[in-house]
Each structure stands twice: as C-alpha cells, then as structure tokens.
Amino acid sequence: MTSVLEINGLRKTYRSRGGPRRALDGFDMHVEAGQVHGFLGPNGSGKTTTLRTLLGLIRADSGDMKILGQQIPEALPNVVAHVGAIVESPQFFGNFTAKDTLSLLCDAGSLPQSRVDWAFELVGLRERASEKVKTYSLGMKQRLAVASALLKQPRLLILDEPANGLDPGGIREMRDLMRSLVEIGMTVVLSSHILAEVQQICDSVTIISLGRRRTAGSVAEVLARYSSGSVRVRMDSLGELSSAGELLTRSE
Ligand SMILES: Nc1ncnc2c1ncn2[C@@H]1O[C@H](COP(=O)(O)OP(=O)(O)O)[C@@H](O)[C@H]1O
Ligand SMILES: [Mg+2]
C-alpha cells in the first residue's frame, strides 16, 4: 500500500507569555491510501498543532513529514493542489446561498464551476444548495465545509473535528459521506476527541496524548487491544501513589 502521510518524530513547543508549552513531543503518524484514518486524542493533546504544521501554517521545531511522498514543508507547493483541508472551522456568510458560497470559492481558486454541483452531490446538499447558509443546521454547515475542501478534488482530505457537536444522525451522515469519498479514491484524515465517532466513521486510527502517539492500527485491532478490561498506571515515584489511586478510581 502507498503511504499518503508520514510523520516521524515531530516536535513543537509554543513560546507564549505564560512560558514554553510543549505541544508535540516526538509524534509519529502513518496513513495508507484509500482509508478514513481517525486522529483521536483528548482536547489539548496536539491534534490541531499537528494538522496546522502539516499544512505549513506553523513551523515544527524538528521532525520529518511527508505528504504523497514529498517532504513538508519544503515541497508543500508541489502537493498543495492535492490536499484539501478544514482546520479552523470556516466561517461562511449567512446571507449567501450555499451555491454562491462554493461558486465564489471556485472562482477564487481558479477551478471550473462544474465542481460546485459535483461537490453538492457528494455531500448530499444538492437539493438545498440554493438556500441561505444561515438556514442550515449544524450538520449541513459541516457538510458544506467538507464540500468547500472538496472543490479542488484532493487526493488527501484533512478534517479537524468535522463531526464535533453532531447528533447520531449527523454522525451517520458524516460516515456515509466519508465512505463515498474513499470510494472515489480519496484518503481522509479526520481528527476527533470522541472515541465513538472514530469507531463509527474510521477504518484505522492513531491515538495521541500529550503530544505523543500512544497506539495505531485498524480501529477493530486497537479497540480489541484496549478493551481487555485492565488499566495500567505508571508512577515515577511513590509520592504519586495517592494521585494514581485517584486515577484508578476515576477509570472504573
Ligand atoms: N497558539 C498557541 N500558543 C500556545 N499554546 C498553544 C497554542 N496552540 C495550542 N497550544 C497548546 O498546545 C497544546 C496542544 O493543543 P492543540 O494542538 O490545539 O490540541 P488539540 O487540537 O488536540 O485539542 C495544548 O496544550 C494547547 O494549549
Ligand atoms: Mg484541536
């Protein structure tokens, strides 16, 4: 299988007024073509930092990244046409129709207008395309956001928490949409802090916490490994005994 995305040893420390904050601490992630890959981790674990670094929006301190075999950030101009992304949730003008919104984005990206109907068809919004965005539900807005990232017909689609806040019906729609994207040959990386979302939507998963990969593999394999019913707590000193006890109580 071909590797669409390879990240090795990624490190990033933010230097903010409150002092340095290590967001990525030698993070690794590998994604093969033709699947929906979940990027799962609690809030603050480093998902958005990873995705922003991949897209050249911020610089890593060190590490190695490749998209479609090309070194990032150096060769980003060679692959940018093949990568669609939503990292910050996009803000659309409520008074524009969804169709005008995508139409403008097509013009801005010098893409053929035929992509607009194509994208609406894929995300299941064709019949609602001439309605104003402000009348859209959260799920429809999220699918419109995905449609905007699809306009350039990318080979790799990067979505930061696209199912956030969706009800079970919305998550099912997102799952069906992701399946149809994989069927037409795309690879999707989808971040989430909710296990159930990844379980329902993704084929494979990388789990991140505190800026490091904890595990990776097919969703079925990883879940089987983590549902053995045992919890292990590592202590660096005996002084941590009471907080370890507290952790174990909470994990019951
Ligand atoms: N611009 C920033 N300046 C300082 N710290 C940041 C900044 N962005 C993120 N962080 C910190 O980096 C860590 C990882 O954040 P983030 O990548 O946003 O995690 P996630 O997307 O998994 O919730 C967190 O501790 C967060 O507070
Ligand atoms: Mg985030």
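Residues numbered from 1 in each chain as written. Chains lettered and ligands numbered in written order. Predicted model: local features only at pLDDT ≥ 70, side-chain atom pairs only at ≥ 80, totals over all residues. Heavy atoms only, no water.

A. Focus on the overall build of the protein. Per the secondary structure count, the protein includes nine helices and 10 strands. Relative to a compact globule of 252 residues, whose C-alpha radius of gyration would be 18 Å, the protein shows 20 Å and is just as compact. With respect to the principal axes defined by its C-alpha atoms, the protein has extents near 65 × 45 × 40 Å. Taken over 252 residues, the protein has a buried fraction of 42%. Excluding contacts between residues fewer than 6 apart, the proportion of contacts in the protein whose partners are at least 24 apart in sequence is 65%. Surface summary for the protein: the accessible area is close to 13500 Å², and the carbon and sulfur share equals 50%. (Helix = DSSP H or I, 4+ residues; strand = E, 2+ residues; numbered from the N terminus. Rg over C-alpha atoms; globule rule 2.2 N^0.38 Å. Buried < 20%, exposed > 50% of the residue type's maximum accessible area, 1.4 Å probe, protein only. Contact = heavy atoms within 4.5 Å. Areas by Shrake-Rupley, 256 points an atom, 1.4 Å probe, with all protein chains shown as cover.)

B. Expanded view of the packing of helix α5 (residues 138-150) against helix α6 (residues 168-183). Relative to each other, α5 and α6 sit at 15°, their axes nearing to 11 Å. For the element pair α5 / α6, the angle class is roughly parallel. Crossing of α5 against α6: the hand is right-handed. Seen from α5, the contacting residues are Q142, R143, V146 and L150; seen from α6, they are E173, M174, L177 and L181. Looking at the contact of α5 with α6 residue by residue, the class counts come to five nonpolar, one polar and two charged. (Axes fitted to C-alpha atoms, helices over the stretch in contact; angles between N-to-C directions. Parallel < 35°, antiparallel > 145°, perpendicular 65-115°, else oblique. Left-handed = near helix turned anticlockwise from the far one by under 90°. Nonpolar A, V, L, I, M, F, W, Y, C, P; charged D, E, K, R; others polar.)

Any functional reading would require information beyond the geometric quantities listed.
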